[in-house]
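# Structural characterization, general
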Amino acid sequence: MTAILTRPAWTTELEVEIFNKLIDKHAPHLPKTRQQDPRPPVTPEEKENFYQYRVAGAAHDLFIVQVCAKVIDQIPDPELQLFLSRQLGDDGAHAQNTRLRAQAISGYDPINDIQKQVQKHWDYQGDLPIRNWQGFLSFELHYELHIVSLLLLNSRISKINDPESAKFAAERILPDEAVHRLGVVDWWQRKFDKASPSEKEDLVAQVLEADEEGQRRRSTYLKDHWQLANRAIGIEVDDLPVIYDAWRREVLSYFLDIPISKLPKLVSVND
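Residues numbered from 1 in each chain as written. Predicted model: local features only at pLDDT ≥ 70, side-chain atom pairs only at ≥ 80, totals over all residues. Heavy atoms only, no water.

## Quick notes on the overall build of the protein chain
- Per the secondary structure count, the protein chain includes 10 helices and zero strands.
- Start at the N end of the protein chain and walk to the C end: the helices and strands fall as α-α-α-α-α-α-α-α-α-α.
- For the protein chain, whose C-alpha radius of gyration is 18 Å, the value lies close to the compact-globule estimate of 18 Å for 271 residues.
- Taken along the three principal axes of its C-alpha coordinates, the protein chain extends 60 × 45 × 35 Å.
- Sorting the 271 residues of the protein chain into buried and exposed places 52% on the buried side.
- Counting only contacts in the protein chain whose residues sit at least 6 apart along the sequence, the fraction spanning at least 24 positions is 83%.
- Across the protein chain, 33 positive and 42 negative side-chain charges occur, with their mean positions spaced 2 Å apart. (Helix = DSSP H or I, 4+ residues; strand = E, 2+ residues; numbered from the N terminus. Rg over C-alpha atoms; globule rule 2.2 N^0.38 Å. Buried < 20%, exposed > 50% of the residue type's maximum accessible area, 1.4 Å probe, protein only. Contact = heavy atoms within 4.5 Å. Lys, Arg positive; Asp, Glu negative; His and termini not counted. Charge placed at Lys NZ, Arg CZ, Asp CG, Glu CD.)

As structure tokens, then:
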């Protein structure tokens, strides 16, 4: 595989551009802008489903905190350590806010439910996120970049949301997560761009191997989470697996500086 060396800067604008291209190709019936504002959960069933969705969101962020806390002193890169110190703090704040919103909806502290869901992430991922830098990069890709298409889709078509959660997401979570994604890109590009051509070949192979393992480990969780999102916020899209797989190919094409047509066949979320 040959590097193409034509990458533009990774930005939130580029993410939207890529996503819109994929929607045009794979799901042209989906809107490119929000058509109506979501409403709060009303019925007991809606509130319970939304509570479970918020618990899952807090667990996602707390898992990131736990992984980063384990890794921050294992990779001797001070630039990465400074980035991880911000990511750790940001996602801790995100998880705590989501915990409090789940508590406001349910009337009780969800911390035990959150930790049970965190343990499921560890059960799926095993030692991959903390095994070596390749596994940790796979973790960052799967928990920060590979999910962006789903976040963009949620922002356009979700039907139910908690106004306070939406306000915090707009003011804090969205800008923080953009910084996290750019931080992952910067870490990788610093490592990749200074490598020789032969070293780049080895790096590409190592990253693909770890990312494929990450996908195999994560697919069951993703499909279960999409079903929860359908029940909780009204996301009902038959094209989700196709969109997810296509977005992941775009991310890996960018990261590895390889045209999509030159990537090997990748594990699908449906495999």
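## Some thoughts on the nonpolar core
- Counting 74 residues, the largest nonpolar core has W10, F136, L137, W188, F255 and L256 as its most contacted members.
- With 12 residues, the single largest contributor to this core is helix 2 (residues 44-71).
- For L137, the contacting residues outside a window of four places in its chain are V184, W187, W188, V207 and F255. (Core = buried A, V, L, I, M, F, W, Y, C linked by side-chain atoms within 4.5 Å.)

## Looking at the environment of I111
- Among the structural elements, I111 can be located in helix 4 (residues 111-125).
- For the pair I111 and G135, spaced 24 residues apart in sequence, the C-alpha separation works out to 28 Å.

## As for the side chain of E177
- Mapped onto the elements of the fold, E177 is located in helix 8 (residues 163-193).
- Setting aside residues up to four positions removed in sequence, E177 forms contacts with D91, H94 and E144.

## Observations regarding the layout of surface pockets
- Considered as a void within the structure, the largest pocket measures approximately 1200 Å³ in volume.
- Lining the largest pocket we find 44 residues, and of these Y53, L151, N154, I173 and L174 sit closest to its centre.
- Only helix 1 (12-26), helix 2, helix 3 (78-106), helix 6 (133-145), helix 7 (148-157), helix 8 and helix 9 (197-233) provide two or more residues apiece to the lining of the largest pocket.
- Ranked by residues supplied to the lining of the largest pocket, first place goes to helix 8 with nine residues.
- Residues belonging to the lining of the largest pocket are distributed by class as follows: 25 nonpolar, 11 polar and eight charged. (1 Å grid on protein atoms, 1.4 Å probe; cavity = no way out; pocket = protein on both sides within 12 Å on 5 of 7 lines; lining within 4 Å. Points joined across faces, edges and corners; volume = space filled by probe spheres on them. Nonpolar A, V, L, I, M, F, W, Y, C, P; charged D, E, K, R; others polar.)

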